[in-house]
Amino acid sequence: MKISNKILDIALSIGFNIDNNIISLPCAVDLENGQTKNNAVLIFLDKLHNQDKYNFCNIEDVISIRKSEYSLPYKIRKASINTDEYRYDKPFFIKRKNYQIIGFNAFSPVNFTYSDNIKGDDIIGTVDFETARKEGFNFIKNHCEKQFYVICGKNEQLLKKVVNL
């Protein structure tokens, strides 16, 4: 599988997630079949683990990508990977501009708001577990199942490039 330079240039401007040497990129994609997916994740693997549980296609089926209006800012996505909560399987929490707190399963990067009512630029930061517990929060379960995956194949050259950015 080969990712085009046009798609790669846009992807670099959005910002890749790197988690345990797995590269992923939240975005919106337009597919050859005319569909648009706003919660798409380009993932640089040859195959998804438990692939039959997920909606996915191959990179060859994508005609364009762009930043998704529901994608969390890069610093928030990076925080979801590096937080202690992620490493200890507690929820990960973000705060909206209206101070509402939203919690997610913390077993993979948190990429999107997963709500038509909440845009990525509506998010102002992260919240620790104790604060979320005290102030209350809405919880979004199984966020990985709400994503559409685009399988791009393993790419060691891209991993080296992205790690050195």
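See the structure printed just above.
Residues numbered from 1 in each chain as written. Predicted model: local features only at pLDDT ≥ 70, side-chain atom pairs only at ≥ 80, totals over all residues. Heavy atoms only, no water.

### Thoughts on helix α1 (residues 5-14)
Then step 1. When α1 is considered as a whole, its buried residues turn out to be Ile7, Leu8, Ala11 and Ile14. Each buried residue of α1 sits inside an arc of 115 degrees when the element is viewed along its axis, so together they form one side. Opposite the buried face of α1, by more than 90 degrees, sit the exposed residues Asn5, Lys6, Asp9 and Ser13.
Then step 2. Backbone geometry just after α1 places Gly15 at a positive phi near 105 degrees. (Buried < 20%, exposed > 50% of the residue type's maximum accessible area, 1.4 Å probe, protein only. Helix = DSSP H or I, 4+ residues; strand = E, 2+ residues; numbered from the N terminus. Arc of directions from axis to C-beta.)

### A look at the environment of Gly34
Then step 1. Tracing the chain through its elements places Gly34 in the loop between β2 (22-31) and β3 (36-43).
Then step 2. Gly34 sits in the exposed class, given a relative accessible area of 60%.
Then step 3. Spatially, the C-alpha atoms of Gly34 and Ile63 are 9.4 Å apart, while their sequence positions differ by 29 residues.

### Comments concerning the pattern of salt bridges
Then step 1. Under the definition given, this model contains five salt bridges.
Then step 2. For Glu130, the salt bridge identified is with Arg133, shortest N-O distance 2.6 Å. Remark: Arg133 and Glu130 occur in helix α4 (residues 129-135); sequence separation between them is three residues, near one turn of the helix.
Then step 3. Accessibility expressed as a relative area gives 35% for Glu130, which makes it partly exposed. (Salt bridge = Lys/Arg side-chain N within 4 Å of Asp/Glu carboxyl O.)

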